[in-house]
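Summary of structural features
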Amino acid sequence: IDVAVSDFSKMAPDVPGYKTGAAIGMRLQELDEYLEKYENSKVPTSASMYSTLISRAIGLSDCVTAILPMHDMINHSSNPNLGFTFFEDDESFKMIALEDISKDQELFLSYKDVNDSEGEWDEDKAAWLLVQWGIPSSPVEASSTSSSVALKILRDEVITQSRT
């Protein structure tokens with residue numbers, strides 16, 4: 001873990017090492033629980049299978065996590081042009097454009113918003129983004145993005161249109 005924390009600290013010096021270490025420890029604990037749970041079953045298990053599965057997990061709401069096979073095939077950006085919205089009433093989700101996208105333009109998602117509810121950079125979220133997907137972030141980068149605000153506005157518009 002110490003080597004991983006050191007490597008991650010070089011990638012994202014603004015994320016405190018103890019928070020990166022805690023996120024790595026949580027991820028390893030989840031792996032151990034997964035392997036133990038299926039140890040004597042016919043379910044195939046391996047660390048690489050678990051890593052592949054968990055890289056496709058995305059939180060759609062505070063209480064819903066989904067496995068989306070194409071999720072990690074679209075690159076991450078702190079200024080995405082795509083977003084997901086989840087509708088709890090019918091348990092569906094939609095991928096929506098956050099802006100006009102031209103035919104040959106690359107698609108981007110924000111794997112995790114690293115801002116808190118006031119729009120400030122959140123070290124805990126940044127540590128998780130770093131450990132989960134190897135993506136560094138910083139307070140400067142987070143303060144220059146407004147993807148979470150744009151997604152919320154667009155999500156509200158989509159919900160309003162779908163109910164009329």
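Residues numbered from 1 in each chain as written. Predicted model: local features only at pLDDT ≥ 70, side-chain atom pairs only at ≥ 80, totals over all residues. Heavy atoms only, no water.

**Observations regarding a nonpolar patch on the surface**
- A contiguous nonpolar surface patch, about 370 Å² in accessible area, is contributed by Met70, Met73, Phe93 and Met95.
- Residue class for Met95 comes out partly exposed when judged on its relative accessible area of 35%. (Patch = residues over 30% accessible without salt bridge, like charges linked within 9 Å, V, L, I, M, F, W, Y side chains within 5 Å. Areas by Shrake-Rupley, 256 points an atom, 1.4 Å probe, with all protein chains shown as cover. Salt bridge = Lys/Arg side-chain N within 4 Å of Asp/Glu carboxyl O. Buried < 20%, exposed > 50% of the residue type's maximum accessible area, 1.4 Å probe, protein only.)

**Considering a negative patch on the surface**
- A surface patch of negative charge is lined by Asp32, Glu33, Glu36 and Glu39.
- With respect to the element layout, Glu39 can be found in the loop between helix 2 (17–37) and helix 3 (47–55). (Lys, Arg positive; Asp, Glu negative; His and termini not counted. Charge placed at Lys NZ, Arg CZ, Asp CG, Glu CD. Helix = DSSP H or I, 4+ residues; strand = E, 2+ residues; numbered from the N terminus.)

**What about helix 4 (residues 123–133)?**
- By the burial criterion, the buried members of helix 4 are Ala126, Ala127, Leu129, Leu130, Val131, Gln132 and Trp133.
- The secondary structure elements touched by the buried residues of helix 4 are helix 1 (2–11), helix 2, helix 3, strand 1 (57–59) and strand 3 (75–76).
- The residue sitting at the N-terminus of helix 4 and contributing the capping side-chain oxygen is Asp122; that oxygen lies 2.8 Å from the backbone nitrogen of Asp124.
- Positioned one or two residues after helix 4, Gly134 has a phi angle of 70°, which is positive. (Contact = heavy atoms within 4.5 Å. Polar contact = N/O pair within 3.5 Å; in protein donor to acceptor, adjacent residues only side chain to side chain.)

**Things to note about the pattern of salt bridges**
- The full count for this structure, using the stated rule, is three salt bridges.
- Lys19 is the salt-bridge partner of Glu123, the closest N and O atoms lying 3.0 Å from each other. Taken as a pair, Glu123 in helix 4 and Lys19 in helix 2 lie far apart in primary sequence, 104 residues in all.
- Take Lys19: its relative accessible area is 19%, and that puts it in the buried class.
- Here Glu30 and Arg27 are joined by a salt bridge, their closest N and O atoms 2.3 Å apart. Linking Glu30 with Arg27, this pair stays in helix 2, spanning three residues, or about one helical turn.
- Judged by relative accessible area, Glu30 falls into the partly exposed class, the value being 30%.
- In the salt-bridge network here, residues are joined through shared partners; they are Lys19, Glu123 and Asp124.

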